[in-house]
Amino acid sequence: MMPYTFSYFAEQSNSAVKANLPFVSVTLTYLEQAVQVSALVDSGSTVNVLPYDVGLQLGLVWETQNFPLEVAGVLRGSLAYGVLLTGEIKPFPAMKLAFAWTKKTSTEIRIILGQVNFFQEFKVSFDGKSQTFELAQNK
Amino acid sequence: MLLTEIEKTIHPLSRTEKLQLIQFITAELLKDERLDYFESEKTYTLWSVYDEGRAAQQLTELLEQNPS
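Residues numbered from 1 in each chain as written. Chains lettered and ligands numbered in written order. Predicted model: local features only at pLDDT ≥ 70, side-chain atom pairs only at ≥ 80, totals over all residues. Heavy atoms only, no water.

Caption draft 1: Looking closely at the overall build of chain B. Within chain B one finds 3 helices and 0 strands. Sequence-ordered secondary structure for chain B, helices as α and strands as β, is α-α-α. For chain B, the accessible surface area stands at approximately 5,800 Å², while carbon and sulfur atoms represent 56% of it. (Helix = DSSP H or I, 4+ residues; strand = E, 2+ residues; numbered from the N terminus. Areas by Shrake-Rupley, 256 points an atom, 1.4 Å probe, with all protein chains shown as cover.)

Structure follows, in structure tokens:
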């Protein structure tokens, strides 16, 4: 699969930040439920992050989760569970993504694609000057 | 205005005024390069979840336990 270039864009948020950032449109699926979201491609994040409300939209049930994560850093003070979802970024084939599903909502935290495991699935090249980034799926 | 005219205007300025002018020109250049993302005195949220090494290890184990 050939690399594909995406453009940075600014997403509305509660903060005053209007800067363009490397967001990408991704369709997340859990069982038969799918939602299309904008996720921040963030090489500085150790994990993928799924806000609480987005997990609920996908049909995840907080009370039945059985893979608690030991969070000690930025997510400290908020429970988080490990969940497996399918993620599809067109034009690439769908892939398995492991997320830290946190009790923080999308008003508090972004949907983040981080080192585990998005950056293991994709080779990512950022070009801040041209406001673009390139994704190439690892084999 | 020609650059030579600007030089004549700048020359009599005090040292402080010249430094202020440098600051102004630097700010203008940053705007041109679109590097002026952040404004002073404003609070910005840090989104990166940058220090969750143990959680990353656990998610890796979760993926290994559930191969495709």
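Read on for the rest.
Caption draft 2: Here's a closer look at the interface of chain A and chain B. Taken together, the 36 residues of chain A in the interface contact 24 residues of chain B. Here chain A and chain B share an interface that buries about 2,600 Å² over both sides, 64% of which is from carbon and sulfur atoms. When the area that chain A buries against chain B is broken down by residue, the three leading residues are Phe67(A), Glu70(A) and Val74(A), summing to 20%. Here Arg54(B) and Glu70(A) are joined by a salt bridge, their closest N and O atoms 3.4 Å apart. Remark: the boundary between chain A and chain B carries 11 residue pairs in polar contact (both at pLDDT 80 or more). Taken together, the elements giving at least two residues each to the side of chain A that touches chain B come down to strand 5 (80-88) and strand 6 (95-102) of chain A. (Contact = heavy atoms within 4.5 Å. Buried area = accessible area lost by both parts, 1.4 Å probe. Salt bridge = Lys/Arg side-chain N within 4 Å of Asp/Glu carboxyl O. Polar contact = N/O pair within 3.5 Å; in protein donor to acceptor, adjacent residues only side chain to side chain.)

Caption draft 3: Just the environment of Glu52(B), in detail. Topologically, Glu52(B) is positioned in the loop between helix 2 (15-32) and helix 3 (53-65). When its relative accessible area of 1% is taken as the criterion, Glu52(B) is described as buried. Sequence-distant contacts of Glu52(B), that is, excluding residues within four places in its chain, are made with Thr46(A), Val47(A), Glu70(A), Val71(A), Ala72(A), Gly73(A), Val74(A), Leu75(A) and Arg76(A). (Buried < 20%, exposed > 50% of the residue type's maximum accessible area, 1.4 Å probe, protein only.)

Caption draft 4: Seen up close, the pairing of strand 8 (residues 122-127) of chain A. All names here are of chain A. Bridge count for strand 8 against strand 9 (residues 132-137) is 6 bridges, and the pairing is antiparallel. For Ser 125, the partnering residue across the bridge sits in strand 9 and is Glu 134. The antiparallel hairpin formed by strand 8 and strand 9 contains 4 residues in its connecting segment, where Gln 131 sits at a positive phi of about 60 degrees. (Pairing = 2+ DSSP bridges.)

Caption draft 5: Broad picture of the side chain of Thr102(A). Residues and elements named next belong to chain A. Structurally, Thr 102 is set in strand 6. When its relative accessible area of 0% is taken as the criterion, Thr 102 is described as buried. Looking at Thr 102, its side chain comes within polar contact range of the main-chain nitrogen of Lys 104, at 3.0 Å. Beyond its immediate sequence surroundings of up to four residues, Thr 102 is in contact with Val 49, Leu 50, Pro 51, Tyr 52, Trp 62, Leu 75, Ser 78, Leu 79, Ala 80 and Ile 109.

Caption draft 6: View of the sheet that holds strand 9 of chain A. Residues and elements named next belong to chain A. Read across the open sheet, the 3 strands follow the order 1-9-8; overall the sheet is antiparallel. The sheet terminates laterally at strand 1 (4-7) and strand 8, the two strands that pair on one side only. Across the sheet, the axes of successive neighbouring strands diverge by a mean angle of 25 degrees, strand direction being ignored. Bridge count for strand 1 against strand 9 is 4 bridges, and the pairing is antiparallel. Bridge assignment links Tyr 4 to a residue of strand 9, and that residue is Leu 135. (Axes fitted to C-alpha atoms, helices over the stretch in contact; angles between N-to-C directions.)

Caption draft 7: Representation of the nonpolar core in the model. Formed by 32 residues in total, the largest nonpolar core has its most connected members in Leu28(A), Leu50(A), Ile89(A), Phe99(A), Leu113(A), Phe118(A) and Leu135(A). Those elements that place two or more of their residues in this core are strand 2 (23-30), strand 3 (33-41), helix 1 (52-57), strand 5, strand 6, helix 2 (118-121), strand 8 and strand 9 of chain A. Residues contacting Leu28(A), with those up to four places away along its chain left out, are Gln33(A), Ala34(A), Val35(A), Val37(A), Leu50(A), Leu58(A), Leu85(A), Thr86(A), Gly87(A), Leu97(A) and Phe99(A). Counting 18 residues, the second largest nonpolar core, distinct from the first, contains Leu69(A), Ala80(A), Val116(A) and Ala55(B). (Core = buried A, V, L, I, M, F, W, Y, C linked by side-chain atoms within 4.5 Å.)

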